[in-house]
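Close look at the chain arrangement
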Amino acid sequence: MADERRTLVVVEDDESFARTLRRSFERRGYEVVSAASHDELQELLKDHRPQYAVVDLKLNGASGLVCVQTLHAFDPEMVIVVLTGFASIATAVEAIKLGARHYLAKPSSTDDIEAAFARGDEGNPETPLGARPTSIKTLEWEHIHETLAESGFNISEAARRLGMHRRTLARKLAKRRVT
């Protein structure tokens with residue numbers, strides 16, 4: 001496989017993040033194709049046979065787990081990594097059951113993803129048991145984004161659910177764009 005180019009599919013609905021992943025992996029010698037939805041993924045698989053996949057857990061309100069299932073059915077040997085800002089034990093277990101090799105919480109770097117590609121199927125008994133340190137700002141942002149997604153990205157409804165004024169939420173969103 002030394003002469004063969006590694007092909008990676010990125011299934012991500014955030015265009016800027018998908019573009020960042022694409023550029024980073026292309027610099028590392030991967031051929032990268034991307035899809036923003038399950039339908040786009042199915043079309044892409046007609047012409048490409050990736051060995052690696054990075055799948056976002058939430059795709060415009062839909063579950064990326066369907067994409068994991070499709071990719072695993074397409075090629076059971078494909079190394080699939082699920083990447084999410086909404087990590088939970090339940091979704092991690094389901095992702096692995098459906099064929100993902102690893103499950104990473106955002107923010108994860110290209111190094112983290114590539115390290116996950118390199119790890120085998122076996123578990124690591126040396127994995128630390130402590131919680132991953134997260135800043136208050138990151139927790140707040142994750143909660144805001146999750147509430148926005150649950151409310152269909154309706155700012156007024158999200159502000160109501162979060163118990164804050166709509167203008168306050170709008171100012172927070174202006175500082176850190178949600179796409």
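Residues numbered from 1 in each chain as written. Predicted model: local features only at pLDDT ≥ 70, side-chain atom pairs only at ≥ 80, totals over all residues. Heavy atoms only, no water.

Concerning the environment of Arg-49
As a reminder, the rule being used: Every helix listed is a DSSP run of H or I at least four residues long, and every strand listed is a run of E at least two residues long, numbered separately from the N terminus. Contacts are assigned to residue pairs with any non-hydrogen atoms lying within 4.5 Å of each other.
Relative to the assigned elements, Arg-49 resides in the loop between α2 (38–44) and β3 (52–56). Considering only alpha carbons, one finds Arg-49 and Met-78, 29 residues apart in sequence, at a separation of 9.3 Å. When sequence neighbours within four positions are dropped, the list of residues in contact with Arg-49 reads Thr-7, Phe-74 and Asp-75.

Examining the sheet that holds strand β6 (residues 79–84)
To be explicit about the condition: DSSP bridges decide pairing: two strands pair if at least two such bridges lie between them. Inter-axis angles, ranging from 0 to 180 degrees, are taken between N-to-C directions of lines fitted to C-alpha atoms, where helices are fitted over the stretch in contact.
On the basis of which strands lie adjacent, the open sheet formed by 5 strands has the order β2-β1-β3-β6-β7 and parallel pairing. Every other strand in the sheet has two partners, leaving β2 (30–35) and β7 (102–105) as the edge strands with one partner each. Between one strand axis and the next, the sheet turns through 20 degrees on average, direction left out of account. Pairing of β3 with β6, which is carried by 5 bridges, proceeds in the parallel orientation. What sits directly across from Ala-53, in β6, is Ile-80.

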